[in-house]
Amino acid sequence: MQVQTILHFKADYLRRITDDTGIFQHTKFGVPDRSKGYTTDDNARALIAALLLYSSQKDASTLDLIHTYVSFIHHAQNTDGNFRNFMNYNRSFIEDSGSEDCQGRTLWALGFALTHSSLLPDNVLNTCRYLINQALPHIENLGSPRAGAYAIIGLSYLIETPNALTYSFPYLHTPNTAEEKAFLPRAFIINLIEKIAARLHNQYVRNKGNGWNWFEDSLTYGNSMLPWALLKASHISNNIGFKETAKESLDFLVSKTFAKEGYYKPIGSHGWQLRDEKAALYDEQPIEACEMLLTCKEAAIVLQDPAYLRIAALCYEWYLGHNSLQTSLIDPQTGACYDGIHATGLNLNQGSESIISFSIAHLVMHHE
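Presented here is an overview of the structure given in this document. Model, not experiment: these values are computed from the prediction. (Residues numbered from 1 in each chain as written. Predicted model: local features only at pLDDT ≥ 70, side-chain atom pairs only at ≥ 80, totals over all residues. Heavy atoms only, no water.)

## So, the packing of aromatic side chains
At step 1: Summed over the entire model, instances satisfying the criterion amount to 18 aromatic pairs.
At step 2: Summarising the aromatic geometry, the rings of Phe-9 and Phe-358 are spaced 6.0 Å apart at their centres and angled 45° between planes, so their arrangement reads as tilted. One end of the pair, Phe-9, is in the segment before helix 1 (12-16); the other, Phe-358, is in helix 12 (residues 352-367), and 349 residues separate them in sequence.
At step 3: Centre to centre, the rings of Trp-108 and Trp-228 are 5.8 Å apart; their planes meet at 90°, and the pair counts as edge-to-face. One end of the pair, Trp-108, is in helix 4 (residues 100-113); the other, Trp-228, is in helix 8 (residues 225-237), and 120 residues separate them in sequence.
At step 4: Given the relative accessible area of 3%, Trp-228 is considered buried. (Phe/Tyr/Trp six-rings, centres within 6.5 Å; stacked < 30°, edge-to-face > 60°. Helix = DSSP H or I, 4+ residues; strand = E, 2+ residues; numbered from the N terminus. Buried < 20%, exposed > 50% of the residue type's maximum accessible area, 1.4 Å probe, protein only.)

Given below as structure tokens:
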């Protein structure tokens with residue numbers, strides 16, 4: 001099949017489903033569904049998309065989006081450092097604390113923001129540092145493997161990026177207060193990354209066997225985040241075991257998520273795939289293609305193997321029509337992304353998770 005490249009990426013839809021509070025969680029077709037409100041999950045992921053877009057365009061309207069998403073995350077954080085997730089349209093959070101995955105995803109986004117120190121205002125960067133610092137005491141106790149993986153990725157940006165850990169006070173010649181001298185503890189963060197990565201690695205070693213090279217007895221959502229996290233951790237700690245586990249598990253996941261015809265086919269969300277059983281065919285979710293793409297981009301660097309770049313390209317092409325339906329998921333009128341592939345065709349709703357996932361995938365593939 002001949003895949004046509006989208007020549008003009010449209011960012012308007014991301015702005016259209018964002019109000020002065022944040023990005024809406026769901027839509028009815030292409031109109032925000034206010035009854036479903038907002039989530040910190042989506043605003044954190046939207047922050048990643050907006051940062052990539054601002055790196056490309058550097059326009060004021062995208063910087064406004066960044067401020068909106070960071071502000072939402074700030075409002076979501078409890079005084080103890082945990083993040084709440086679900087907010088109704090009346091701007092009231094409907095839970096005391098979000099899921100562990102929400103904690104990890106938010107840390108991912110905040111850490112990624114600090115890789116843009118040359119672009120963002122110091123006050124935004126300092127806010128991100130503050131939010132991370134408040135959340136750090138809870139990270140080691142995350143029990144969910146995926147939450148831990150998201151957290152590793154976010155924390156790794158702090159170690160890989162010069163000056164990410166130091167608060168910026170450009171107008172002060174000499175810091176006068178403890179707050180002005182504040183910084184994020186580098187040694188603590190490295191130790192935290194290694195501890196969480198060791199748990200993931202050990203879980204993999206205990207569970208793999210008989211050709212099932214995976215961390216759990218099922219392939220569900222966000223699978224690629226687990227090897228991606230270990231790739232990050234191996235780079236920081238120089239742990240060969242982490243790298244070997246990352247490669248072996250990623251190669252296994254690739255073997256389970258590509259059709260014999262060569263296109264990407266994520267594990268279906270209606271049933272997933274249990275050990276030694278067949279994968280559910282549907283629904284195929286846009287977020288899976290995005291996260292697999294990001295993982296393979298990282299693998300190409302850490303494992304020094306350009307073959308993973310071709311796998312990343314196939315994940316991108318999934319959005320454009322190189323998929324099980326042989327139909328593009330991108331609305332040519334608006335640039336929005338449909339919510340996935342059902343057994344009966346496209347899910348015609350165009351929610352935030354979908355456009356965020358496509359935006360990240362597109363911007364990473366075309367603007368890095």
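## A look at empty space enclosed by the protein
At step 1: Tallied over the entire structure, the rule returns two cavities of 30 Å³ or more.
At step 2: Here the largest cavity is characterised by a volume of approximately 70 Å³.
At step 3: Lining the largest cavity, in full, are Thr-220, Asn-223, Ser-224, Leu-253, Thr-257, Tyr-264, Pro-266, Ile-267, Glu-288 and Met-292.
At step 4: Among the residues forming the lining of the largest cavity, the class breakdown is five nonpolar, four polar and one charged.
At step 5: Considered as a void within the structure, the second largest cavity measures approximately 40 Å³ in volume.
At step 6: Elements with a minimum of two residues in the lining of the second largest cavity: helix 10 (286-302) and helix 12. (1 Å grid on protein atoms, 1.4 Å probe; cavity = no way out; pocket = protein on both sides within 12 Å on 5 of 7 lines; lining within 4 Å. Points joined across faces, edges and corners; volume = space filled by probe spheres on them. Nonpolar A, V, L, I, M, F, W, Y, C, P; charged D, E, K, R; others polar.)

## Topic: the packing of helix 10 against helix 12
Each pair of packed helices can be described by the angle between their axes along with the distance between the axes.
At step 1: Two elements in contact, helix 10 and helix 12, have axes whose closest approach is 8 Å; the angle formed by their N-to-C orientations is 25°. Judged by the inter-axis angle, helix 10 sits roughly parallel to helix 12. Classified by chirality, the crossing of helix 12 by helix 10 is left-handed. Contacts from Pro-286, Ile-287, Cys-290, Leu-293, Leu-294 and Lys-297 in helix 10 reach Glu-353, Ser-354, Ser-357, Ile-360, Ala-361, Val-364 and Met-365 in helix 12.
At step 2: In the contact of helix 10 with helix 12, the residues fall into nine nonpolar, two polar and two charged. (Axes fitted to C-alpha atoms, helices over the stretch in contact; angles between N-to-C directions. Parallel < 35°, antiparallel > 145°, perpendicular 65-115°, else oblique. Left-handed = near helix turned anticlockwise from the far one by under 90°. Contact = heavy atoms within 4.5 Å.)

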